[in-house]
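Residues per chain, in single letters:
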Amino acid sequence: MKRLMTVLALSFFLAVPAHAESKDPPLPAPLQTLAGQGAQMRYLGREGGLDGWIAIQNGQEQYFYVTPDQESFVLGLQFDKNGKVITLRQVQKLQKESGADVLDYLAGGVKPGTDGATGKPPVDKAFKTPSEQLYGDLGTGNWIPLGSKDAPYIYMIIDPECPYCKKFLGQLRDNYINNSLLQVRIVPVGLHPETVTQAAVLLAAPNPQELFFRHLDGDEKALPVSPGVNDQGVQKNLSIMQSWKLTATPTTVYRSKSGQIKILQGPAKDIPALIADLGTSK
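Residues numbered from 1 in each chain as written. Predicted model: local features only at pLDDT ≥ 70, side-chain atom pairs only at ≥ 80, totals over all residues. Heavy atoms only, no water.

A. Geometry of helix α5 (residues 163–177). For α5, the complete set of buried residues consists of Cys165, Phe168, Leu169, Gly170, Leu172, Arg173, Tyr176 and Ile177. Packing partners of the buried residues in α5 comprise β5 (144–146), β6 (153–158), β7 (183–188), α7 (208–216), β8 (251–255) and α9 (271–277). (Buried < 20%, exposed > 50% of the residue type's maximum accessible area, 1.4 Å probe, protein only. Helix = DSSP H or I, 4+ residues; strand = E, 2+ residues; numbered from the N terminus. Contact = heavy atoms within 4.5 Å.)

Right, dumping it as structure tokens:
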């Protein structure tokens, strides 16, 4: 995701003259500090009652959604109920309206000649869209399989002490994992120092599924906070999460039966629908 706006930012802000009449609403107070520091701001539109903005500074992009009272904001991507990225649609619309011919990594679509010789960032040609890239990044991360190797799988970023992760995984275990209908590839992270250690213990264990299920069942000794454990594997997982600006656990990423990569932040509200939507993942 860090690659996203390098070309897009230049195209947006060079394509629109400084004197052009703006149709954007006034910049909300919570974002004025960023603008005062030199960040370029563009309005994405309103979705779900939230006003979306892009801030671009020093070649880096951030996405903000301002609350209806205009007094606070949340940072990150916005998703709809089906796990599709609303921010993607907004960026595509903004790109179209700007009239700029740009290489938009969030919108997907790899054009020829995107290499060092052109001055544009290289793209792994195995991935046609950023969601495919995220799916691939998780596959090369440090994950632990829960369930049958022959079952369709999902990736799930979890914190060992996240109550929502525990509840969601408990439901999946009882109804799907134990029945060989689903494999969950958990990608352990730690959002607190002690859970970084617990995640590292889990990754280093010879019997991680057994330990994690004991942890789900309330065994406080299953994942001890052990000083001195190597946490490099957890740090790699955290870097994937942070580079894609994912802010919630659990975050689930899977390939649907239609072939699309879908992203769900937080527990699924309709687990049977998720399972029905799941492809073979092969």
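B. Local environment of the packing of α5 against α7. Running from N to C, α5 and α7 point in directions that differ by 115 degrees, and their axes come no closer than 10 Å. The handedness of the crossing between α5 and α7 comes out as left-handed. Here α5 contributes Lys166, Leu169, Gly170, Arg173 and Ile177 to the contact with α7, which in turn contributes Phe212, Phe213, His215 and Leu216. Taken together, the residues of the contact of α5 with α7 sort by class into 5 nonpolar, 2 polar and 2 charged. (Axes fitted to C-alpha atoms, helices over the stretch in contact; angles between N-to-C directions. Left-handed = near helix turned anticlockwise from the far one by under 90°. Nonpolar A, V, L, I, M, F, W, Y, C, P; charged D, E, K, R; others polar.)

C. Quick look at the packing of aromatic side chains. Inspection of every chain in the model, using the stated rule, returns 5 aromatic pairs. Taken together, the ring pairs in this structure connect Tyr135, Trp143, Tyr153 and Tyr155 into an aromatic cluster. Over the aromatic face of Phe213 sits the side chain of Arg173, whose NZ or CZ is 5.2 Å from the ring centroid. Here the guanidinium or amino end of Arg185 rests over the ring plane of Tyr153, the centre of that ring lying 3.6 Å away. (Phe/Tyr/Trp six-rings, centres within 6.5 Å; stacked < 30°, edge-to-face > 60°. Lys NZ or Arg CZ within 6 Å of the ring centre and 35° of its normal.)

D. Inspection of the sheet that holds β7 at higher detail. Taken together, 5 strands build an open sheet; the order of strands is β5-β7-β6-β8-β9 and the sheet is mixed. With one partner strand each, in any of the chains shown, β5 and β9 (261–265) form the two edges of the open sheet. Within the sheet, the average angular offset between the axes of one strand and its neighbour, ignoring direction, is 25 degrees. Pairing between β8 and β9: 5 bridges, direction antiparallel. Across the sheet, the residue bridging to Tyr254 is Lys262, located in β9. Relative to β8, helix α4 (residues 130–139) is tilted by about 110 degrees, and along the sheet it contacts β6, β7, β8 and β9. Against the sheet, helix α6 (residues 193–204) engages β5 and β7, with an angle of about 130 degrees to β7. (Pairing = 2+ DSSP bridges.)

E. Just the side chain of Gln198, in detail. Take Gln198: it is sitting in helix α6. The exposure class assigned to Gln198 is buried, which follows from its relative accessible area of 6%. A distance of 3.0 Å separates the side chain of Gln198 from the backbone oxygen of Leu223, its partner in a polar contact. Look past the residues within four positions of Gln198 in its chain and what remains in contact with it is Pro160, Glu161, His215, Leu223, Pro224 and Val225. (Polar contact = N/O pair within 3.5 Å; in protein donor to acceptor, adjacent residues only side chain to side chain.)

F. Broad picture of α4. α4 sits mainly inside the fold: 8 of its 10 residues count as buried. Buried-residue contacts for α4 involve β6, β7, α8 (232–243), β8 and β9.

G. Structural context of the nonpolar core. Core analysis: the largest hydrophobic core is formed by 30 residues, its most contacted members being Leu169, Leu172, Val184, Ile186 and Phe212. Where this core is concerned, the elements lending two or more residues are β5, β6, α5, β7, α6, α7 and α9. Considering every element that reaches this core, the biggest residue donor is α5, with 6 residues. Leu169 has contacts with Leu146, Met156, Ile158, Val184, Ile186, Phe212 and Leu216, leaving out every residue within four places of it along the chain. Listed in part, the 29 residues of the second largest apolar core include Leu138, Ala199, Met241 and Leu246. (Core = buried A, V, L, I, M, F, W, Y, C linked by side-chain atoms within 4.5 Å.)

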